[in-house]
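One-letter residues, chain by chain:
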Amino acid sequence: HINNFSVVYQISLNKRLIKRRNQICMLFYFQAKGLDLDIRDVRVSAEDMAELQKVSGQTLTPTLRYSDFIVADFDINEFETAIDKHPSIKASMGL
């Protein structure tokens, strides 16, 4: 599975109830898949926000980066749809 090559950028989990539920579900989803994520809170780190903008060209969260694969502002279904379009990345992630 993934070893610290993937980064999930997100805002603090207490911003809004709906956003919080989605992010908590997302974190449990990735944990259940055995993915080791490096989670960055871009609201408290200008450096991480700058990196998010540099690698993805936007500021929406959550954003997942794995090698050249980037999916932004997603829920679980959107992630699964995106990763299914990249079978080699999906396989390298162990999904």
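Details of the structure are given in the entry above.
Residues numbered from 1 in each chain as written. Predicted model: local features only at pLDDT ≥ 70, side-chain atom pairs only at ≥ 80, totals over all residues. Heavy atoms only, no water.

## Section: the environment of Gln-53
Note the following rule: Counting from the N terminus, the helices are DSSP H or I runs at least four residues long and the strands are E runs at least two residues long. Contact between two residues is taken to exist if any of their heavy atoms lie within 4.5 Å; hydrogens are not considered.
Among the structural elements, Gln-53 can be located in helix H2 (residues 46-56). Ignoring any residue separated from it by four or fewer positions in sequence, one finds Gln-53 in contact with Gln-58 and Thr-59.

## Topic: the side chain of Arg-40
Selection criterion: In protein, a polar contact means a hydrogen-donor-capable atom and an acceptor-capable atom, both N or O and within 3.5 Å, with residues adjacent in sequence counting only if both atoms are side-chain atoms; elsewhere, any N or O pair within 3.5 Å suffices.
Examined against the element boundaries, Arg-40 turns out to sit in strand E2 (residues 36-41). Only 3.1 Å separates the side chain of Arg-40 from the side chain of Glu-51, close enough to count as a polar contact.

## Section: the pattern of salt bridges
To be explicit about the condition: By definition here, a salt bridge exists when the distance from a side-chain nitrogen of Lys or Arg to a carboxyl oxygen of Asp or Glu is within 4 Å.
Evaluated as defined, the whole model comprises five salt bridges. As a salt-bridge pair, Glu-51 and Arg-65 come within 3.4 Å of each other at their nearest N and O atoms. Here the residue Glu-51 occupies a position in helix H2, and Arg-65 occupies one in strand E3 (residues 63-66), the gap between them amounting to 14 residues. Of the charged contacts in the structure, one is a salt bridge between Asp-84 and Lys-90, with a shortest N-O distance of 2.6 Å.

## Side note on the environment of Asp-38
Its place among the elements puts Asp-38 in strand E2. When the C-alpha positions of Asp-38 and Arg-65 are compared, they lie 9.9 Å apart, and in sequence the two are 27 residues distant. For Asp-38, the side chain forms a polar contact with the side chain of Arg-40, separated by 2.7 Å.

## Comments concerning the pairing of E3
Applied cut-off: Each residue is placed in one exposure class: buried if its accessible area under a 1.4 Å probe, protein chains only, is under 20% of its type's maximum, exposed if it is over 50%, and partly exposed if it falls in between. Think of it this way: DSSP has to see at least two bridges between two strands before they count as a pair.
Of the two faces of E3, the one holding Thr-63 and Arg-65 and the one holding Leu-64 and Tyr-66 are both buried throughout. Strand direction decides the pairing type here: E3 and strand E4 (residues 69-72), joined by four bridges, are antiparallel. If you follow Leu-64 over to E4, its bridge partner there is Val-71.

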